[in-house]
Each structure stands twice: as C-alpha cells, then as structure tokens.
Amino acid sequence: MARTGRFFVAALLAWSTASAFDLTLDRRAIDDAIAIGHSRLDAERVRFHRPYRVIVGRAPVDYVDVVTPFRRIEIEAETKARAGNRTLGQREALALLDAAPDQIDFFVELTFHPFNTFIGVPSYGIRLVKQGDTALLEPRSIDLFPRYGPRVEGLPITQPAAPALPKRTESLSGGTTVAHYDARALDQQGVYELVVSEAGKELGRARIDLRALR
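Presented here is a report on the structure given in the accompanying data block. As the structure is a computational prediction, the values presented were derived from the model and not from experiment.

1. What about the pattern of salt bridges?
Per the counting criterion, the structure on display carries 24 salt bridges. For Asp102, the salt bridge identified is with Arg184, shortest N-O distance 3.6 Å. Taken together, the residues span a long stretch of sequence, with Asp102 in the loop between α5 (90-99) and β3 (103-111) and Arg184 in the loop between β7 (172-182) and β8 (191-198) at a distance of 82 residues. Judged by its relative accessible area of 23%, Asp102 falls in the partly exposed class. Judged by relative accessible area, which is 54%, Arg184 ranks as exposed. Several salt bridges converge on common partners, so that one network encompasses Arg53, Asp62, Asp65, Arg71, Glu109, Arg147, Arg151 and Glu153.

The following block contains the structure:
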C-alpha cells in the first residue's frame, strides 16, 4: 500500500473510534485531517463527509453542513489537492485554526421561491437547542452569502470570500447562512437541534449529533 494510503487508512480508523468532535487538535489529529484531504480515494472522502451534512428538505432550507476544526483542515487540504496546488502543511493548518479558534460552523443552504422579491439573503434566526433542554444557544456571529443562478455543489467554503455578484440575467435563487459558534459552549457528546426561523416562525430544523463527528 502506498504511503499516503497507509496514512489515510490510519486516519479513518482514528475517526471511526472517535466519540466526539475534536475541540483542540494536536499534531497527530492535524496529520489525520490532512491525510484524508490529500487521499486519492474519492469514495472514502465521500464517506468521511457524509455525517457532516444533514438534509432538511423543507423550503427554503435544503441542508446544513457542519464544519468542525478537524473538518476545516480536511476541507482546506482537499481543496488544495483538487486544485493541483501543493499539499497543506502543518504550519498552514495551525494558522487556519488560529484564524477561527475553538469555532464550529453551521452552513445553512437555502433555495428561494423562483418569484421571490428578496434583494439579499434574509437574516433568518439560527439557534441551537440541546436534546432534553430548552435553552436557545445563539451564534457568535452570522455571515450571509447570496447565490445567483443554480447551486454549484461542493465543499463548504471555510475561508472568507467576497459575496457573489449577479450577472445581468440572474436573480437571487438562494444563499448560505453561516452561523459561527463557540465550540467551548457546546457539549462535545451532545445531540442538538439547529432551528432556522423567521419572526418566531420555524422554517426548518436539523438534528446535529456531535458524537458522530470529529
């Protein structure tokens, strides 16, 4: 087996035995995330990403993508590999973590009615509620990214990006609401409901099981 293949298998084994997402990544965990991102085994990367995406399917909410610190490193490594750039190194990975310390992100993907009159992505409420609790947890901050035309499927964009601009014939078709949470405020063994609402009316919710993530 090739050297990268051995690293990838070891990373997957470590992931499969993990019982909760990693709040603080040590160098071994960073190496695991990089190994998954650099692997040439597309089917196994799909397997890795699957538990991080929760389908909602209730208009306007399509799905929620969860980005933990571990997945943030994997996405950056995978993005570089797909673009044919050089591999992600430990120093770059640490800088990426330092830019968003102790942070877990929830990317809420939205599709609007074709005849909507929005001029931007609405400021929907995003709240987390732990299973068995009633306290509503607010995000640190929220970013809104509009989408014009059809969605281009792919990984969440974890690096800051300029908002998309419409072409002359394009209207607002959807967008992404990114809710940034302080991971230290969450139970790493917890199960949460992420609730999307507007003016007190629930638009959709996603069940987030942090025990299934790394």
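Picking up after the structure, the text goes on.
2. Looking at the environment of Thr176
Structurally, the position occupied by Thr176 is in strand β7. Each C-alpha atom, one on Thr176 and one on Glu109, is 4.8 Å from the other, the two residues being 67 residues apart in sequence. Polar contacts involving the side chain of Thr176 include one to the side chain of Glu109, which spans 2.7 Å.

So, how was this worked out
Residues numbered from 1 in each chain as written. Predicted model: local features only at pLDDT ≥ 70, side-chain atom pairs only at ≥ 80, totals over all residues. Heavy atoms only, no water. Salt bridge = Lys/Arg side-chain N within 4 Å of Asp/Glu carboxyl O. Helix = DSSP H or I, 4+ residues; strand = E, 2+ residues; numbered from the N terminus. Buried < 20%, exposed > 50% of the residue type's maximum accessible area, 1.4 Å probe, protein only. Polar contact = N/O pair within 3.5 Å; in protein donor to acceptor, adjacent residues only side chain to side chain.

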